[in-house]
Amino acid sequence: MSAVPHRMHQYDASLVDLVFDYMRARLQYDPVPLDHPGDGDKLRAHLDGLLNEHGNDPAEVMKLYDQHLSRAVISADSPRYLSFIPCAPTKAALLFDMVVSCASLQGISWLEAAGAIAAENQVLRLISDRAGLPATAGGCFVSGGSAGNLSALVVARDTARRKHGVDARARLRIAVSDQAHSSIINTLNIIGVEALVVPTEGHRLTGEALRAAIEADDDRPSIIGVVATAGTTNAGIIDDLAGVADVAGHFDLWFHVDGAYGGAGLFAPSVRDRYQGIERADSFVVDPHKWLFAPFDCAALIYRKPWLAKGVHTQDASYLDCLHTEGEEWNPTDYAYHLTRRARGLPLWFSLAVHGTEAYTDAIEEGLRLARDTAQLIRESEHLELVRDPELSAVVFRRKGWGSHDYYDWSHRLLAGQVGFVTPTGWEGETVARFAFLHPGTSMAMVREILATMA
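Quick notes on the rules
Residues numbered from 1 in each chain as written. Predicted model: local features only at pLDDT ≥ 70, side-chain atom pairs only at ≥ 80, totals over all residues. Heavy atoms only, no water. Pairing = 2+ DSSP bridges. Helix = DSSP H or I, 4+ residues; strand = E, 2+ residues; numbered from the N terminus. Axes fitted to C-alpha atoms, helices over the stretch in contact; angles between N-to-C directions. Contact = heavy atoms within 4.5 Å. Polar contact = N/O pair within 3.5 Å; in protein donor to acceptor, adjacent residues only side chain to side chain. Core = buried A, V, L, I, M, F, W, Y, C linked by side-chain atoms within 4.5 Å. Buried < 20%, exposed > 50% of the residue type's maximum accessible area, 1.4 Å probe, protein only.

A.B. asks: I tried to follow the sheet that holds strand β11 (residues 430–436) on my own but got confused; where do I start?
C.D. replies: In a beta sheet, neighbouring strands pair by backbone hydrogen bonds and run either parallel or antiparallel. Taken in spatial order, the four strands line up as β8-β9-β11-β10 in an open sheet, and their pairing is antiparallel. The two strands at the open ends of the sheet, each matched to only one other strand, are β8 (384–386) and β10 (425–427). For this sheet, the mean angle separating the axes of adjacent strands, direction not counted, is 45°. Looking at chain direction, β10 and β11 are connected through three bridges and run antiparallel. For G426, the partnering residue across the bridge sits in β11 and is T431. Contacts from helix α14 (residues 404–416) reach β9 (394–399) and β11, with the element oriented near 30° to β11.

Below, the structure written as structure tokens:
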């Protein structure tokens with residue numbers, strides 16, 4: 001007698017229809033509305049008593065989500081979302097993310113998910129080729145830049161320990177600029193490595209500044225690596241990657257490039273030359289859920305010599321022995337700190353296969369054009385002023401005569417009127433405004449509408 005599925009696991013056509021109807025409606029938004037921040041008291045009231053012993057009518061739960069929960073989320077895929085780093089996943093990527101979820105893929109190992117991993121590795125190869133990394137380069141997809149930076153710098157640390165024959169008590173340091181992403185400093189705190197903070201001129205780490213900092217240091221042997229940024233979050237500044245690579249090679253340092261946001265510019269011919277030197281990186285991170293139009297959460301972590309990462313991250317346990325066999329195996333769990341993982345690179349793979357790389361190049365170039373055109377509008381304005389010329393797709397500017405309170409009031413009014421989501425940022429102790437262009441659907445008409453509110 002065949003087993004009867006538990007009632008929680010039975011196929012419910014009405015439930016499937018409910019969810020698909022919602023997803024179909026969400027995918028058809030054009031443009032996606034911004035929506036609003038949530039009110040905690042109202043949300044708690046709507047949720048009160050929902051999780052009970054007997055369950056609820058699926059239609060009522062879906063209605064609650066649609067009318068109350070989903071509208072208390074500012075949509076990062078709206079073309080009017082211009083804060084932080086937006087997200088603009090393609091419809092193809094979103095749809096295939098549903099396929100991945102339905103398949104319950106356990107993306108740990110080749111044994112369990114060879115097909116999925118082969119497809120993910122095809123995308124990693126594409127990104128590696130754009131960066132100019134060798135054919136031996138490889139890695140895996142992780143949840144985000146923070147996870148990628150952590151995993152890569154653990155490899156840098158342990159590789160240095162082995163190379164120098166020191167244990168966990170030895171002092172180790174990694175050079176970072178004063179503009180490095182917060183996740184870098186957080187990572188160093190987690191892994192017990194000190195930061196050698198290199199001051200920058202113009203917010204850009206240069207090989208000259210790095211060399212000067214190392215040569216002036218009285219404990220050079222403890223410096224084992226350097227982190228450069230390929231597109232700072234705040235202003236999209238690309239460090240002197242070639243100069244930093246030269247210094248890293250001279251002092252035998254691990255060279256890590258954090259390209260979480262800006263690394264996607266490797267696909268844009270108009271700015272590709274600014275990344276010279278990235279091909280010499282020992283490790284590199286780029287987040288496709290940012291400027292490569294994948295859904296959250298998806299970051300590509302790539303190593304020049306992935307066997308070094310495998311020697312650090314492979315987890316040993318009797319129940320995992322069957323994963324480590326001779327032959328073609330490529331276990332993503334061997335290349336980052338994770339074990340359990342979803343095949344988060346597959347939605348990107350599907351979208352790239354459907355649309356082609358030329359469409360990605362065009363979409364990235366559109367963000368760069370928006371930044372350049374917006375910068376020109378600001379130059380022509382009497383009451384606005386560029387803080388610096390945009391290097392990628394972030395535009396930092398000020399409204400003459402405004403203080404911090406003015407910027408925050410303006411930001412609240414924009415969101416309340418659904419005109420835009422533009423949060424202020426800091427620049428050298430001053431509160432200023434910032435646009436982050438990524439969504440190809442953002443138009444100059446929207447930009448003009450937002451800027452007009454600053455008159």
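More follows now that the structure is in view.
A.B. asks: Explain the environment of Q376 to me, please; I cannot follow it from the model alone.
C.D. replies: Residue placement: Q376 occurs in helix α13 (residues 357–380). Remark: the alpha-carbon pair of Q376 and A394, spanning 18 residues in sequence, is separated by 13 Å. Here the side chain of Q376 touches R379 through a polar contact of 2.9 Å, side chain to side chain.

A.B. asks: I would appreciate a short explanation of the nonpolar core in the present structure.
C.D. replies: Nonpolar side chains in soluble globular proteins tend to be buried together. Counting 56 residues, the largest nonpolar core has F255, Y275, F284, W291 and I364 as its most contacted members. Apart from the residues within four sequence positions on either side, W291 is in contact with Y261, A264, G265, I364, L368, L392, S393, F437 and L438. A119, V154, V227 and V312 belong to the second-largest nonpolar core, a separate cluster that totals 38 residues.

A.B. asks: How should the side chain of S183 be read in this particular structure?
C.D. replies: Along the chain, S183 falls in helix α7 (residues 182–191). Apart from residues lying up to four places away in sequence, S183 is in contact with S146 and N149.

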